[in-house]
Amino acid sequence: MKLDRDADGLVLVDDIDRDLARIEGKYYEIDETVSWKLKLALAGLNGVRVRLASDRDVPYPEEEPLRRAHWYGPKFDISTIDEKKHNSKTLHGDTDEIRNIQYGVNCKAFFDWQYPQREKIAILQIELFIFEMSAHYRSLYLHSIRNREQRKFTHLDGAVKTYSDEVSYLKSFEGGLIKSQNYQKSFRMDGVISDEHWRNIIGAFFDSNPLINDYFQGMNSI
């Protein structure tokens, strides 16, 4: 079927379903410049035209897209991080379907706040798994320290972790944030870091991944 594009290169769709455009009973991948939030806003509306990734139709996916994954634990709230008196862990991903996670159907991210007893610091750890169809499994790992008395971040570093065998990788699903066999640091900052710079750097390190954006919902620039 030849798609009818207008002068702007956009195609009139019958509807938007998940991340796909439905046109005369066939599904087409929408261009990556259209965010998933915009797709949700456009779904069910008449007269919608979008840019498609290609002219080729694609099969309808069996699995729900990434945004349908579930949260376990609180999202980030910068207004309360200096007052908390307990640890908190948040997990994004379908923990009941480990095999699906393993083969890349869903993504998984850990967010772990630690408040050591009798200490004035708080520690944030984030690990975002990167799924590849290979024998190796990787993750982006970020570590940060905040001085709660000064209400300032004082340390931030990011690294790439590689799990070289399936056993070590699957163990990560039990609690998250485990040591990997290969750990390569990408950057490090020490000294006072403003909240704005801190969140901007995290957003850049994780390259605006929707899991990270969702966790930091309500914070500008992420």
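What counts, and where the lines are drawn
- Every chain begins its residue count from 1, and numbering advances along the sequence as written.
- Where local features are concerned, this predicted model is filtered to residues with pLDDT of at least 70; where side-chain atom pairs are given and counted, the filter is 80 or more; whole-chain, interface and lining totals use all residues.
- Excluding hydrogens and water, the side-chain figures rest on all heavy atoms present in the structure.
- Pairing between two strands is assigned when DSSP locates at least 2 bridges connecting them.
- Secondary structure elements are defined from DSSP: runs of H or I of at least 4 residues count as helices, runs of E of at least 2 residues count as strands, and each element is numbered from the N terminus.
- Comment: axis = line fitted to C-alpha atoms, over the contacting stretch for helices; angle = value between 0 and 180 degrees taken between N-to-C directions.
- Throughout this description, the term nonpolar core refers to a set of buried Ala, Val, Leu, Ile, Met, Phe, Trp, Tyr and Cys residues connected via side-chain atoms within 4.5 Å.
- Whether a residue is buried, partly exposed or exposed follows from its accessible area with a 1.4 Å probe, protein chains only, as a fraction of its type maximum: under 20%, in between, or over 50%, in that order.
- Each reported salt bridge corresponds to a side-chain nitrogen of Lys or Arg within 4 Å of a carboxyl oxygen of Asp or Glu.
- Contacts are residue-level and defined by heavy atoms, with any inter-residue pair within 4.5 Å sufficient.

**Regarding the sheet that holds strand 6 (residues 52-58)**
Taken together, four strands build an open sheet; the order of strands is 2-3-4-6 and the sheet is antiparallel. Lying at the two open borders of the sheet, with one neighbouring strand each, are strand 2 (15-17) and strand 6. Sheet twist, expressed as the average angle between the axes of neighbouring strands with direction ignored, equals 35°. Bridge count between strand 4 (residues 26-30) and strand 6: three bridges; the pairing is antiparallel.

**Let's talk about the nonpolar core**
Core analysis: the biggest nonpolar cluster contains 24 residues, and Trp-113, Ile-126, Trp-198, Ile-202, Phe-206, Ile-212 and Phe-216 have the highest contact counts within it. Listing elements by their share of this core, those giving two or more residues are strand 9 (109-114), strand 10 (121-130), strand 11 (137-147), strand 12 (152-163), helix 4 (195-205) and helix 5 (210-215). Ranked by residues supplied to this core, first place goes to strand 10 with four residues. Counting twelve residues, the second largest nonpolar core, distinct from the first, contains Leu-3, Ala-21, Ile-30 and Val-48.

**What about the sheet that holds strand 10?**
Strand order in this open sheet of seven strands is 7-8-9-10-11-12-13, and the pairing throughout is antiparallel. Of all strands in the sheet, those bounded by a partner on one side alone are strand 7 (71-72) and strand 13 (182-193). Where strand 11 meets strand 12, eleven bridges bridge the pair, whose relative direction is antiparallel. Counterpart to Ser-139 in the pairing with strand 12 is Lys-161.

**Some words on the pattern of salt bridges**
Scanning the model with the defined rule gives ten salt bridges in all. In this structure, Lys-39 and Asp-19 form a salt bridge, with 3.7 Å as the shortest nitrogen-oxygen distance. Taken together, the residues Lys-39 in helix 1 (residues 36-42) and Asp-19 in the loop between strand 2 and strand 3 (20-23) connect sequence positions 20 residues apart. By relative accessible area, which is 9% here, Lys-39 ends up buried. In this structure, Arg-151 and Asp-82 form a salt bridge, with 3.6 Å as the shortest nitrogen-oxygen distance. With Arg-151 in the loop between strand 11 and strand 12 and Asp-82 in the loop between strand 7 and strand 8 (88-92), the pair connects residues that are 69 residues apart, well separated along the chain. One continuous salt-bridge network, built from bridges that share partners, spans Asp-82, Arg-146, Arg-151 and Asp-195.

**A few points about the environment of Val-13**
Examined against the element boundaries, Val-13 turns out to sit in the loop between strand 1 (11-12) and strand 2. For Val-13, a relative accessible area of 6% puts it in the buried group. Along the primary structure Val-13 and Tyr-28 are separated by 15 residues, whereas in three dimensions their C-alpha atoms are 9.6 Å apart. When neighbours within four sequence positions are excluded, Val-13 is seen to be in contact with Ala-21, Arg-22, Ile-23, Val-48 and Val-50.

**Focus on the environment of Leu-12**
Within the fold, Leu-12 resides in strand 1. Among the residues examined, Leu-12 registers a relative accessible area of 41% and is labelled partly exposed. Sequence separation between Leu-12 and Arg-49 is 37 residues, and the spatial gap between their C-alpha atoms is 4.3 Å. Setting aside its immediate chain neighbours within four residues, Leu-12 contacts Asp-4, Ile-23, Gly-47, Val-48 and Arg-49.

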